[in-house]
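Commentary on secondary and tertiary structure
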Amino acid sequence: MNAAIIFLILTLLMVSGMPVSIALGLTVLSFLFGFTEVPLESVALKLFTGIEKFEIMAIPFFILAGNFLTHGGVAKRMINFATAMVGHWHGGLGLGGVLACALFAAVSGSSPATVVAIGSILLPAMARAGFPKRFGAGVITTSGALGILIPPSIVMVMYAVATNTSVGALFMAGVVPGLLLAMILGGVTWWRARKNNYPRLPKASWAQRWDAFRKSAWGLFLIVVVMGGIYSGIFTPTEAAAMSAVYAFVVAVFIYKDMGLKDVPKVLLSSANMSAMLLYIITNAALFSFIMANEGIPQAMADWMLGNGLGVISFLLMVNVILLLAGNFMEPSSIMLIFAPIMFPIAMQLGIDPIHLGILMVVNMEVGMCHPPVGLNLYVASGITKMGITELTVAVWPWLLSMLCFLVLVTYWPGLSLWLPRALGMM
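Rules used throughout
Residues numbered from 1 in each chain as written. Predicted model: local features only at pLDDT ≥ 70, side-chain atom pairs only at ≥ 80, totals over all residues. Heavy atoms only, no water. Helix = DSSP H or I, 4+ residues; strand = E, 2+ residues; numbered from the N terminus. Rg over C-alpha atoms; globule rule 2.2 N^0.38 Å. Buried < 20%, exposed > 50% of the residue type's maximum accessible area, 1.4 Å probe, protein only. Contact = heavy atoms within 4.5 Å. Areas by Shrake-Rupley, 256 points an atom, 1.4 Å probe, with all protein chains shown as cover. Lys, Arg positive; Asp, Glu negative; His and termini not counted. Charge placed at Lys NZ, Arg CZ, Asp CG, Glu CD. Axes fitted to C-alpha atoms, helices over the stretch in contact; angles between N-to-C directions. Parallel < 35°, antiparallel > 145°, perpendicular 65-115°, else oblique. Left-handed = near helix turned anticlockwise from the far one by under 90°. Nonpolar A, V, L, I, M, F, W, Y, C, P; charged D, E, K, R; others polar. Patch = residues over 30% accessible without salt bridge, like charges linked within 9 Å, V, L, I, M, F, W, Y side chains within 5 Å. Salt bridge = Lys/Arg side-chain N within 4 Å of Asp/Glu carboxyl O. pLDDT = per-residue confidence, 0-100. Expected span 1.5 Å × (residues − 1). Polar contact = N/O pair within 3.5 Å; in protein donor to acceptor, adjacent residues only side chain to side chain. Core = buried A, V, L, I, M, F, W, Y, C linked by side-chain atoms within 4.5 Å.

Moving on, we get to the overall build of the chain. Broken down by element type, the chain carries 21 helices and 0 strands. The globule rule puts the C-alpha radius of gyration for 427 residues at 22 Å, and the 22 Å found for the chain is close to it. Seen through its principal axes, the chain has C-alpha atoms that stretch 70 × 45 × 45 Å. When burial is assessed residue by residue, the chain has 55% of its 427 residues classed as buried. Summarising the internal contacts of the chain: among those between residues at least 6 apart in sequence, 79% fall at separations of at least 24. Carbon and sulfur atoms make up 70% of the accessible area of the chain, which totals about 17600 Å². Computed over 20 positive and 14 negative side-chain charges, the inter-centroid distance for the chain is 24 Å.

Right, dumping it as structure tokens:
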């Protein structure tokens, strides 16, 4: 009964058009004053302890690093390197876009940032080369979603915060699925380009490829800094985030010199605004999780599901359906912080690995970012291409369909996510 009341209040507030973060906070306060005897002092304490976790510090640092890289010319050099490597194949610029998105995802941690950084440069170039607008928009919108699956990933950090899971293990678990999804999206791009005889670039010589790599190396080295540092134990994921922010600043301002010192305050302010928004959502989601746990709702749901014979296959299918439906109305951060604490205890009782559940949820978030009505990547791509959301939805469907097939693969093949962290001794 309490669960029904909580979700009814939350749904009504969200349907009214209220931001998710405020809706979460008001749901908690309404339930506290009307249906429980929980002292407000404990709520105030939870408000502060909810964001006291060390891992949360990684979020503003990764956002800052991504902003420096987006404004600092790193994306342009990565695109040049990617097109030099694969541009001579069918749909060369499109394939270069997929590869560039995968590379930028490995240094930014954000899907919208990846779409902006790669799309704003590559989409006009694809239009000039004779590619249909819809083709380019479909490639970049869906490939940009790699930003939250290929580590580092801000959404993975949020899952780790919500479930007390290892951030480092999550990052490593995202590597193989991320690379496989990039290959699948590249395959769809190649197939459609070959079918429609889209343009190809002249094959670059090895000297040209080496030159493109040399110019992009400073940006690409950030992958080594973050992932190598975490795996080798030199620093924690949070410290890696701080290192990436400092490194991105040095590269953008002093090495590539695409950004002057006078531009730094603007980047800092933009990063602070985005960080404050996410931290506000995290704070209210922590309160929501506190109320759910206090009322024993996740445990009651787990007992009910197990009592009715719900197995692993059925539960994972249910998780996918719920998350895909939630993706129609909410953005990834809110979905992760609301649903992860609910699904986590049930998964543990069913023997599902928390790392596998985390990657499964992240892939669902990827799909949600690419379909209407609130897909963030769609809106970002719409701003770049000046295309309507309906037209963009039609444009992305071949790639979106392949992502749904990939979701089924990730759901029922845990080894795809768990092999690398196990091989590295992180689990």
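Let's shift gears to the packing of helix α18 (residues 354–368) against helix α21 (residues 414–423). Closest axis-to-axis distance for the α18/α21 pair is 9 Å, and the angle between their directions is 120°. Taken together, the axes of α18 and α21 lie oblique to each other. Remark: the crossing between α18 and α21 carries right-handed chirality. On α21, the residues touching I355, H356 and I359 of α18 are P414, S417 and L418. Class assignment for the residues of the contact of α18 with α21 results in 4 nonpolar, 2 polar and no charged.

To continue, consider a nonpolar patch on the surface. A grouping of I22, L26, L29, F33, L40 and Y280 is seen on the molecular surface, where their side chains present a nonpolar patch of about 550 Å² in accessible area. When you line up the elements, L29 lands in helix α2 (residues 20–35).

Of all residues in the chain, 99% have pLDDT values of 70 or greater, and the mean over the chain is 85. Here helix α3 (residues 40–49) stands out as the least confident element of the chain, with mean pLDDT 72; helix α11 (residues 175–196) is the most confident, with 93.

What follows covers the pattern of salt bridges. According to the stated counting rule, one finds 4 salt bridges in the structure shown. For the salt bridge of R77 with D258, the shortest nitrogen-to-oxygen distance reads 2.6 Å. With R77 in helix α5 (residues 74–86) and D258 in the loop between α13 (237–255) and α14 (264–294), this residue pair connects regions lying 181 residues apart in the sequence. Residue classification places D258 among the partly exposed residues on the basis of a relative accessible area of 34%. In this structure, K215 engages D211 in a salt bridge whose closest nitrogen and oxygen atoms are separated by 3.2 Å. On the criterion of helical spacing, the pair formed by K215 and D211 is a turn pair, its members being 4 residues apart in helix α12 (residues 206–232). K215 sits in the partly exposed class, given a relative accessible area of 44%. Through salt bridges with shared partners, one network takes in D211, R214 and K215.

Attention shifts here to unusual backbone geometry. In this structure, the amide linkage connecting P151 to the following residue, P152, adopts the cis form with an omega of 0°. Position of P152 relative to the elements: it lies in the loop between α8 (133–143) and α9 (154–163). Non-glycine residue N197 carries a positive phi angle of around 55°. Residue position: N197 is located in the loop between α11 and α12. In this structure, K257 is a non-glycine residue whose phi angle is positive, near 55°. If you trace the backbone, K257 turns up in the loop between α13 and α14.

Now for α5. Given a rise of 1.5 Å per residue, 13 residues ought to cover 18 Å, and the 19 Å separating the end C-alpha atoms of α5 matches this to within 8%. Of all the 13 residues making up α5, 10 are buried; the element is thus mostly covered by neighbouring parts of the structure. Those residues of α5 that sit buried are V74, A75, R77, M78, I79, F81, A82, T83, A84 and V86. For α5, the elements touching its buried residues are α4 (58–71), α6 (92–108), α7 (111–129), α12 and α13.

The next subject is the side chain of T283. As for its position among the elements, T283 is in helix α14. Residue class for T283 comes out buried when judged on its relative accessible area of 12%. Within the local environment of T283, its side chain forms a polar contact with the backbone oxygen of L279, the two atoms lying 2.8 Å apart.

If you look at the biggest cluster of nonpolar residues, it comprises 150 residues, and the most contacted ones within it are I118, F315, M336 and M361. Here F315 is in contact with M305, L310, M343, I346, A347, L350 and I352, once residues within four sequence places are set aside.

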